[in-house]
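Residue-level structural notes
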Amino acid sequence: MTESTWMRRVLIGIALAFLGLVLIVPLGTVFGGALEKGFANAFHEVQDPITGAAILLTLKMAAVVVPLNLIFGISAAWSIAKFDFFGKKILMTLIDLPFTVSPVVSGLIFVLLFGAQGLLGPWLAAHDIQVIFAIPGIIIATLFVTFPYVARELIPIMQAQGNDQEEAAVTMGANGWQTFYHVTLPNIRWGLIYGVILLNARAMGEFGAVSVVSGHVRGLTNTIPLHVEILYNEYNLVGAFCVASILAFLAIGTLIAKVLVKKQGEL
Amino acid sequence: MNPLKIRNILLLIGFSIALTSISPALAAEVKLLNVSYDPTRELYQDFNTAFAKYWQAKTGDTVTVQQSHGGSGKQARSVIDGLEADVVTLALAYDIDAMAEKAKLLPANWQSRLPNNSTPYTSTIVFLVRKGNPKGIKDWEDVVKPGVAVITPNPKTSGGARWNYLAAWAFALKKYGNEAKAREFVSTLYKNVPILDSGARGATITFVQRGIGDVLLAWENEAFLALNELGKDKFEIVTPSLSILAEPPVALVDKVVDKKKTRVVAQAYLDYLYSPEGQEIAAKHYYRPRLASQKYASRFPKINLVTINELFGGWAKAQKAHFDDGGIFDQIYAGAR
Amino acid sequence: MKDKSVIPGFGPTLGFTIFYLSILVVLPLSMLILKTTSLTWPAFWEAVASPRVLAAYRLSFGASLAAASINLVFGLLVAWVLVRYPFPGKGFIDMLIDLPFALPTAVAGIALTTAFSSGPIGRTLESMGINVAFTPLGIIVALTFIGLPFVVRTVQPVLKDLDRDVEEAAICLGANRWQTFINVILPVLLPAAFSGFAMAFARALGEYGSVVFIAGNLPMKTEITPLLIITKLEQYDYAGATAIATVMLFSSFAVLFLINRLSWWAHTQRSSKEAL
């Protein structure tokens, strides 16, 4: 019914070799670098109050970005996968666009829009609203960068599933919400969770765009990735890798959470 | 999914919106923002503590100085685009000129408002080589020899790299006496460069930690810092016969201090840089002080230094001729093909 | 095709999607075009088509394409192995796939450069005459890292939901394993794989943080397009920077549009086959 043991081993071997080269090597470098001066030193590094401020800011930002883009993602996937309309492909391409925009440019466009010399700059200054180089700017840039993740994850799954089940549900008298919760959601559950995890990880790890709009004020507008860069630039390579390890652990943590959620779902 | 979960999601959204709407409340103390370039972190960490102490003793007010560091050009751009810096302490006058010109944040004559061209401390460009100087690098002529790998950042993105470039140019101009030769000298130098990092710190790390290259062109303070932080037993500093007087300027950003009503303390902050205490701290961090330092005098070897004004006619001119798109630096690389 | 769908919610979801998209993506991106229009035609042409910029386009597009192709092939393989075969440490490997998202790109760049220049792997490769760090090959390595999760993560759920009955049926009908894969499984995976490929490619095109460390940044040789944008910005040349950004934007828009069409086509092909 499936490949021979031999074939399986070869395939697993190739896959692992590839992942080893591309993933494990850099990850090992990060952890290795963090532990260069021992565990005690690594703990000391991450307890720094400025690191704490960076972690807090990153979590706050993710707490806004993830729900907003989640709602958008579901809504976009629903309209695109379940219906046919004129301009659909253009709409899909527009949704993908933030991926293709260089992070540098993603930051730049918001500077052009909200910056002191930008389109809305004078108005914002007159009302004393600080967007860029403050937390709102960081959130907006991250929203932009992580914009497509959930939608992109859901569209192929919804398409593969087709409309039959939903149509049946509606015919039997279910309303839109009911159809979504009882019919669509169970089908897209895993894709949705994957999407949220990717979205969250990317939101926390975004560097380029946030770097442009943050202003880099120590302890105020530095997210974890920016703080890593600062440490690196202070010749504190060990500290930089320690804080980078936090991000790696955050990612692994969310993934463990995913596995737990899945187990619960299967009970 | 049951309705309970939806409620949770809604709560989470509400909570997150609430979180962001709490903007950092202004405490009753004075806060200054000093927007600076990369290598000054250690200097201003020390200096800010000293200034806070001085200011409290003098006026009773507590002052907290927040720091922002990054590439000089990038930092200047942030200020132009609305980062509310009370004072800027950058790598080149050109970057502050841009703030005056493009956003009118301070008057065009800003550089004459403080003593010594608004540069309380100076630095210069030196060589960092591997211990024992295996390639025998003593002066600029040795740097352009075939087989010597030179590490310097990209002048298009790094302020320090522009000083490096101009120092090499100045040496060749003085030595051979004409522009054509200087240009040839500098193009030979860049043929020896295997990697152009985007910033000065990146170049130092390439040289020191990756072990690439035979000589690093660096700020004097940066070279000393690398030596102290990363291994006195592995590297040594070589001082060339001639180098450039690098003047990293400081300025008050008028528009911001007037808005935030911090002019007095911001002015005092900059003045304090010129005080004996401020000068001592600068010297401690390997910046050449304007006031002769007793304690640290032996640190700074005498070098024949030329200034950008006498040799290049100021930053605006140098930038246009050498580093702007289509300038001499670009031509060197276009010709290399 | 379905004419009038009975499924509700078209109006509100599409409306919200378009609203959100306009505010967050279209409006800010139109700033690029607005700023670019401040240039005259010759100045625009000078900014976007000088030999150095052309060399950077070639490098950026070439390396991104290479990296995305590597990810397409290996991503399919990895997804397959992760979904179909049990092996020790699988859960752990599965978790690691998302790392490239979580690791800040600058850290990834530093780590990759360390590993491939002064690390053991870099030294081994160097002794074999292969230089990775500070060459175009290094750029491809960094971009492969950045794009790794896309194909794996788009293919994985589809593969998981795949109906095993169809495969069994194919085998009952006498198809061998390879035929089953090519004719039954692959067509189902293709739309997802393509969209993963497109995302990996597109993400690679704009990548800056990780590449500057490993690239060497020599003009005409290892200088990527996003670095040129930064270079222009450092000279306060906003218009020139946005001009290059606009060119990148339109070309990647075109590539994405093409790939979306392609995956759509693959999808409808399959549905029509199923309908038969």
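**Some details on the overall build of chain A**
Each helix and strand counted, chain A has 13 helices and zero strands in total. Seen in sequence order, chain A has helices and strands lined up from the N terminus as α-α-α-α-α-α-α-α-α-α-α-α-α. Along the three orthogonal principal directions, the C-alpha set of chain A runs to about 65 × 65 × 30 Å. In chain A, the share of contacts with a sequence separation of at least 24, taken over all contacts with a separation of at least 6, comes to 72%. For chain A, the computed accessible surface area is about 9800 Å², with 68% contributed by carbon and sulfur atoms. Here chain A holds 14 positive side-chain charges and 15 negative ones, and the gap between their average locations is 7 Å.

**Description of helix α4 (residues 88–100) of chain A**
Residue and element names in this part refer to chain A. Here α4 spans 19 Å end to end across 13 residues, near enough to the 18 Å set by a 1.5 Å rise per residue. Counting buried residues along α4, 11 of its 13 residues qualify, which places the element largely inside the surrounding structure. Within α4, the full set of buried residues consists of K88, L91, M92, T93, L94, I95, D96, L97, P98, F99 and T100.

**Re the interface of chain A and chain C**
Every contact between the two is made by 95 residues of chain A and, on the other side, 96 residues of chain C. Seen at the junction of chain A and chain C, the total is zero salt bridges. Along the contact surface separating chain A from chain C lie six residue pairs in polar contact (both at pLDDT 80 or more). Ranked by the residues each element gives to the side of chain A that touches chain C, the list is headed by helix α1 (residues 5–34) of chain A, at 17 residues. The residue makeup of the side of chain A that touches chain C, split by class, is 67 nonpolar, 14 polar and 14 charged.

**Comments concerning the confidence of the model for chain C**
This prediction gives chain C a mean pLDDT of 83; 94% of its residues lie at or above 70. Two summary scores accompany this predicted model of the complex, namely pTM at 0.83 and ipTM at 0.79.

**Quick word on the packing of helix α10 (residues 176–205) of chain A against helix α8 (residues 136–161) of chain C**
Here α10 of chain A crosses α8 of chain C at 165 degrees, and the two axes come no closer than 10 Å. Relative to α8 of chain C, α10 of chain A is oriented roughly antiparallel. Relative to α8 of chain C, α10 of chain A is oriented so that their crossing is right-handed. Contacts between α10 of chain A and α8 of chain C involve N187, Y194 and L198 of chain A from the first element and R153, Q156, P157, K160 and D161 of chain C from the second. Looking at the contact of α10 of chain A with α8 of chain C residue by residue, the class counts come to three nonpolar, two polar and three charged.

**Section: the confidence of the model for chain A**
Across chain A, the average pLDDT comes to 85, with 95% of residues at or above 70. Element-level pLDDT for chain A is lowest in helix α13 (residues 237–266) of chain A, with a mean of 75, against a maximum mean of 92 in helix α7 (residues 135–146) of chain A.

**Brief notes about a nonpolar patch on the surface**
Where nonpolar side chains cluster on the molecular surface, the patch consists of W6, M7, V10 and I14 of chain A and spans about 390 Å² of accessible area. Positionally, V10 of chain A belongs in helix α1.

**Let's talk about the packing of aromatic side chains**
Under the counting rule described, the total for this entry stands at 44 aromatic pairs over all chains. Consider the rings of F110 of chain A and F144 of chain A, whose centres lie 5.6 Å apart with planes at 80 degrees: the pair is edge-to-face. One end of the pair, F110 of chain A, is in helix α5 (residues 103–114); the other, F144 of chain A, is in helix α7, and 34 residues separate them in sequence. There is no split in this pair, since F110 of chain A and F144 of chain A are both buried. Note on Y165 of chain B and F329 of chain B: the rings are 6.3 Å apart at their centroids and 70 degrees apart in plane angle, and the pair reads as edge-to-face. Here F329 of chain B lies in helix α16 (residues 328–335) and Y165 of chain B lies in helix α7 (residues 159–176), a separation of 164 residues in the sequence. There is no split in this pair, since Y165 of chain B and F329 of chain B are both buried. One Lys or Arg, R130 of chain B, reaches over the ring of F207 of chain B and ends 4.1 Å from the middle of that ring. If you follow R299 of chain B out to its NZ or CZ, it ends over the ring of Y286 of chain B, 3.9 Å from the centre.

**Observations regarding the interface of chain A and chain B**
Often, the extent of an interface is quoted as the loss of accessible area on bringing the components together. With 28 residues of chain A in contact, the opposing surface of chain B contributes 37 residues. Between chain A and chain B the total buried area reaches about 2900 Å² when both faces are included, carbon and sulfur atoms providing 61% of it. A per-residue breakdown of the area chain A buries against chain B is headed by F133, N233 and Y235 of chain A, which together make up 24% of the total. Here D128 of chain A makes a salt bridge to K259 of chain B, at a shortest N to O gap of 3.4 Å. Our enumeration of links across chain A and chain B arrives at nine residue pairs in polar contact (both at pLDDT 80 or more). Listing elements by their share of the side of chain A that touches chain B, those giving two or more residues are α3 (49–82), α10 and α12 (224–233) of chain A. At five residues, α3 of chain A tops the list of elements feeding residues into the side of chain A that touches chain B. Across the side of chain A that touches chain B, the residue classes break down as 17 nonpolar, seven polar and four charged.

**Notes on the sheet that holds strand β2 (residues 63–70) of chain B**
All names here are of chain B. Read across the open sheet, the four strands follow the order β2-β1-β3-β9; overall the sheet is mixed. Each having just a single partner strand, β2 and β9 (250–252) make up the two edges of the open sheet. Put simply, the sheet's adjacent strands are angled 20 degrees from each other on average, direction ignored. Bridging between strand β1 (residues 30–37) and β2 involves eight bridges; their strand directions are parallel. Following the sheet pairing, Y37 is matched in β2 by G70. In the packing of helix α2 (residues 41–59) onto the sheet, the strands contacted are β1, β2, β3 (87–89) and β9, and the crossing angle to β2 comes to about 165 degrees. This element, helix α12 (residues 263–274), spans β1, β2, β3 and β9 of the sheet and lies at about 165 degrees to β9.

**A closer look at the nonpolar core**
One finds F51, V88, W140, Y165, L189 and W315 of chain B to be the most contacted residues of the largest nonpolar core, which totals 305 residues. Leaving out residues up to four positions away in the same chain, W140 of chain B has contacts with I125, F127, N164, A167, A168, F171, F185, L189, L217, P240 and L242 of chain B.

**Overview of the domain arrangement of chain C**
All names here are of chain C. Domain assignment breaks chain C into domain 1 (1–37) and domain 2 (43–275). Taking only C-alpha atoms into account, the centre of domain 1 sits 26 Å from that of domain 2. At the interface, five residues of domain 1 touch nine residues of domain 2. Carbon and sulfur atoms supply 83% of the area buried between domain 1 and domain 2, which totals about 600 Å² over both sides.

**Things to note about the pairing of strand β8 (residues 242–246) of chain B**
All names here are of chain B. Extensive coverage of β8 is indicated by the burial of five of its five residues. Pairing analysis gives two bridges linking strand β4 (residues 121–130) to β8, with the strands arranged antiparallel. If you follow S123 over to β8, its bridge partner there is A246. With three bridges joining them, β8 and strand β11 (residues 304–306) adopt parallel strand pairing. What sits directly across from L242, in β11, is N304.

**Brief notes about the side chain of T124 of chain B**
Along the polypeptide, T124 of chain B turns up in strand β4. Setting aside its immediate chain neighbours within four residues, T124 of chain B contacts A218, W219, E220, S243, I244, A246, R288, I303 and L305 of chain B.

**Examining the pattern of salt bridges**
For the structure shown, the criterion picks out 26 salt bridges over all chains. Residue K88 of chain A pairs with D84 of chain A through a salt bridge whose shortest N-O separation is 3.2 Å. Among the charged side chains, a network of salt bridges with common partners joins K156, D325 and D330 of chain B together with R52, E223 and K232 of chain C.

**Notes on the environment of L54 of chain C**
Residues and elements named next belong to chain C. Considering the arrangement of structural elements, one finds L54 in helix α3 (residues 51–84). Each C-alpha atom, one on L54 and one on G216, is 18 Å from the other, the two residues being 162 residues apart in sequence. Among residues more than four places away in sequence, those in contact with L54 are V48 and A49.

Conventions we followed
The numbering scheme is per chain: residues are counted from 1 as the chain's sequence reads. Written order determines the labels here, with chains lettered from A and ligands numbered from 1. Only residues with pLDDT of 70 or above have their local features reported here, since the model is predicted, and side-chain atom pairs are shown and tallied only from 80 upward, although totals for entire chains, interfaces and linings are computed over all residues. The basis for the side-chain values is all heavy atoms of the structure; hydrogens and waters are excluded. By definition, any uninterrupted DSSP run of H or I lasting at least four residues is a helix, any uninterrupted run of E lasting at least two residues is a strand, and each is numbered from the N terminus. In what follows, a contact means two residues having at least one pair of non-hydrogen atoms within 4.5 Å. Only the protein chains shown count as cover for residues, and all accessible areas are computed by the Shrake-Rupley method using a 1.4 Å probe. A positive count includes Lys and Arg, and a negative count includes Asp and Glu. His and the chain ends are not counted in either. The location of each charge is read from NZ of Lys, CZ of Arg, CG of Asp or CD of Glu. One fewer than the residue count of a helix, multiplied by 1.5 Å, yields its expected span. The rule is simple: take the accessible area with a 1.4 Å probe, protein chains only, and divide by the maximum for that residue type; under 20% is buried, over 50% is exposed, in between is partly exposed. We define a salt bridge as a side-chain nitrogen of Lys or Arg found within 4 Å of a carboxyl oxygen belonging to Asp or Glu. Identification of polar contacts relies on pairs of N or O atoms within 3.5 Å, with a donor-acceptor requirement for protein atoms, meaning one able to donate a hydrogen and the other able to accept it, and with residues adjacent in sequence counted only if both atoms are side-chain atoms. Only Asp, Glu, Lys and Arg are considered charged in this grouping, and only Ala, Val, Leu, Ile, Met, Phe, Trp, Tyr, Cys and Pro are considered nonpolar; every other residue, Gly among them, is considered polar. What pLDDT conveys is the predictor's confidence in a given residue, as a value from 0 to 100. A fitted line through C-alpha atoms serves as each axis, taken over the contacting stretch for helices, and the angle formed by two N-to-C directions is quoted from 0 to 180°. Orientation labels follow simple angle bins: below 35 degrees gives roughly parallel, above 145 gives roughly antiparallel, 65 to 115 gives roughly perpendicular, and whatever is left gives oblique. For a crossing to be left-handed, the near helix must be turned anticlockwise from the far one by less than a right angle; the clockwise case is right-handed. Patch building starts from residues that exceed 30% relative accessible area and form no salt bridge, then joins like charges within 9 Å and nonpolar side chains (Val, Leu, Ile, Met, Phe, Trp, Tyr) within 5 Å. Pairing of aromatic rings covers Phe, Tyr and the six-membered ring of Trp, with a centre-to-centre limit of 6.5 Å; geometry is then stacked below 30 degrees between planes, edge-to-face above 60, and tilted otherwise. Whether a charge lies above a ring is judged from NZ of Lys or CZ of Arg, which has to be within 6 Å of the ring centre and within 35 degrees of the ring normal. What counts as buried area is the accessible surface, traced by a 1.4 Å probe, that two parts surrender upon association, with contributions from both included. Two strands pair under a simple rule: DSSP has to find at least two bridges between them. Nonpolar core, defined: a set of buried Ala, Val, Leu, Ile, Met, Phe, Trp, Tyr and Cys residues in which side-chain atoms within 4.5 Å join the residues together. Domain extents, as shown, originate in an automatic or database domain assignment.

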